[in-house]
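# Architecture at a glance
Residues per chain, in single letters:
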Amino acid sequence: MSTKVADHVLQRLRAWGVEHVFGYPGDGINGLLAAWGRAEDQPRFVQSRHEEMSAFQAVGYAKFGGRLGVCTATSGPGAVHLLNGLYDAKLDHVPVLALVGQTHRTAMGGSYQQEIDLHTLYKDVASEFVETVTVPEQLPNVLDRAIRTAYARRAPTAVIIPGDVQDLDYSPPTHEFKMVPSSLDRSSWTALPSKGALERAADVLNSGDKVAILVGQGAAGARAEVRRIAELLGAGVAKALLGKDALSDELPYVTGAIGLLGTRPSYELMRDCDTLLTIGSSFPYSQFLPEYGKARAVQIDIDPHMVGMRYPYEVNLIGDARATLQRLIPMLDGDRGHEWFDTVCANVARWREVMARRARLSADPIHPEYVAHALDPLLPPNAIVTADSGSAANWYARHITLRDRMRGSLSGTLASMGCGVPYAIGAKFAHPDRPVVALVGDGAMQMNGLAEMITAAKYRNQWDDPRLVVGVWNNRDLNQVTWEMRSMEGAPSFRPSQELPDVRYADFARSLGLTGVRVEKPGDVEAAWRAGLAADGPAVIEFLTDPAVPPVPPHVTWEQAEATAAAVLKGDPQRGPMAKQGIRAKVQEFLPGRDRDRKDR
């Protein structure tokens, strides 16, 4: 039997070490699906409930697996549906390959069913490489370049294969004019800055008395080196959310997340430092970095395209974080006082106390921060944690302590709702022997999570450790946007846009044969998490939480909080006087603290 183009595609994926492809069937990829049948499902085809979920699962797989994520979809609507997940990969710099079907070549240009100009559609999201295969001889070069580019540029790429091409007999490129051969090898490489650049960076860092370090996901491979340089410089370390698992939160000088979802110690670290070292991060919110002109700054990043645009850095070191730090550290002077370092550590300890008290404040019915706070000490040491966009991301950022062996991520730059559960499923296929916990709001759960619990149920028996625990904050409100409207627009909640139906998420899980627990009282929160982590398969733990608890940013002043409370009171006629008074009290309770109350911060 002859080898078809579709057969060769799967052979080549296997040769590249691809073990899973996330997708949804359609006639635009019928040739590939038939080839999967002949290949006995190698690489394994993982069926989602929607192509967007396939792309998100591929992103989660790539983020947590440290390897290429692959997704596939049919022509027309399937190709369109992949886009959101692929943009997530693009903005978070994740290697993902999309294999996309297309109308037969004979129908192209004829306004045929499901015919879309896929090159135009994909030219931005897959700007690093997108190509259509029109003859068998284009393979393997096109596929190899797409994979190699995805790895090298840390970006999504796309290969479009018309349906009739998939069924052609495969013939390799020959040794002839205008034929392009290819090869599989992708040797590792390390980028390094020049010695002169390292010396200039060392001069800046040695001149500082109050050093702050900001790490992102690019620092994840340099844990030991980041610890060494932080302790050598007596520095505090703040983390962009994509870098939350780049360094253990248990270290006393790690101030936690930075930005709107960040911590007070990170805010103070940046406010008061005189020197900044950024490692592997393109954190975009410059208002949370030191005031311009106040701090000298050095950046380390492997991508020259991403340096020098968030802060007026004096030295931009282009190189791999680990290799660059290994060469920079011997040039640094560690002989400095401990006052700054001690202040940073004290601020971190104080913040942890404040967070513990905040989590235990009264709420109706359950305090949303307590849900995350109660989970934190229960997480297994090798857990993978995903968080969805929305107020749940606040609680993930501030209450979850990621220790050395733990991993965690979310949709960092795209900040797309609906990624939490598909990320978790992708993580399970990347690490079937590790427990995964997804932290999801009810809006994201209704958007994507409920359907993907069907996927989790479908594949539960293929994971060595079957635990996939989905915690749902059920507050019947699109809470993050509600509070953004109140604090940024000075407007009350627009109820028609913000209110959500009250769905029984735990009941839905039980209808699939999974564990489902609905929690209505604070006293049952910890036991519910324990039940989910002890389950013999996927579980949905649903918590009824209070929507009136604001995710107050770390830089909020007393006056801004008063304005927020006033906006709530002004336009919420459905709340009685006692409820209104309660909202004001909650806003005040959740403030990081006035300067005169520093002991409570």
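Just so you know, the residues in each chain are numbered from 1, in the order the chain's sequence is written. Owing to the predicted nature of the model, reporting of local features is limited to residues with pLDDT of at least 70; listing and counting of side-chain atom pairs is limited to 80 or more, with chain, interface and lining totals taken over all residues. Side-chain descriptors were evaluated using all non-hydrogen atoms of the structure, hydrogens and water having been removed beforehand.

### Section: the pairing of strand β10 (residues 275-279)
Burial classification: accessible surface area is computed with a 1.4 Å probe over protein chains only, and a residue below 20% of its type maximum counts as buried, one above 50% as exposed, and the rest as partly exposed. Comment: elements are numbered from the N terminus, with helices defined as DSSP H or I runs of at least four residues and strands as E runs of at least two. With respect to burial, β10 is a largely interior element, 5 of its 5 residues being buried. As paired strands, strand β7 (residues 211-215) and β10 are joined by 5 bridges and run parallel to one another. Note that in β10 the partner of Val211 across the bridge is Thr275. One requirement defines pairing of two strands: DSSP has to find at least two bridges between them.

### A word on the packing of aromatic side chains
Stacked, edge-to-face and tilted labels apply to pairs of Phe, Tyr and Trp rings (six-membered ring for Trp) whose centres lie within 6.5 Å, assigned for plane angles under 30 degrees, over 60, and everything in between, in that order. Enumeration according to the criterion identifies 11 aromatic pairs in this entry. Their ring planes at 75° and their centres at 5.9 Å tell us that Phe22 and Phe429 sit as a pair that is edge-to-face. Of this pair, Phe22 sits in strand β1 (residues 20-23) while Phe429 sits in helix α16 (residues 420-430), and the two are 407 residues apart along the sequence. Like Phe429, Phe22 is buried. Between Phe56 and Tyr423, the ring centres sit 6.2 Å apart and the planes meet at 75°, which makes this aromatic pair edge-to-face. In this pair, Phe56 sits in helix α3 (residues 51-65) while Tyr423 sits in helix α16, placing the two residues 367 residues apart along the sequence. Each member of the pair Phe56 and Tyr423 is classed as buried. Each member of the aromatic cluster is reached from another via a ring pair, and the members are Phe22, Tyr61, Phe429, Tyr459 and Trp463. Both a distance and an angle decide whether a charge sits over a ring: NZ of Lys or CZ of Arg must be within 6 Å of the ring centre and within 35 degrees of the ring normal. Above the plane of the ring of Tyr151 lies Arg186, whose end atom (NZ or CZ) is 3.6 Å from the centre. Here the basic side chain of Lys244 rests over the ring of Tyr396, its NZ or CZ set 5.5 Å away from the ring centre.

### Section: the pairing of strand β16 (residues 468-474)
Within β16, 7 of the 7 residues are buried, which leaves the element mostly enclosed by the surrounding structure. On β16, burial covers both faces: Leu468, Val470, Val472 and Asn474 on one face and Val469, Gly471 and Trp473 on the other are all buried. Of the pairings in the sheet, the one linking strand β15 (residues 436-441) to β16 comprises 6 bridges and is parallel in character. Within the sheet, the bridge partner assigned to Leu439 lies in β16 and is Gly471. For the crossover from β15 across helix α17 (residues 442-459) to β16, the handedness is right-handed. Bridge count between β16 and strand β18 (residues 539-544): 6 bridges; the pairing is parallel. Its bridge partner being in β18, Val470 is matched across the sheet by Val540. Handedness of a crossover: with both strands directed away from the viewer, a clockwise path from the first strand across the helix to the second marks it as right-handed.

Just geometry here; none of it tells us what the structure is for.
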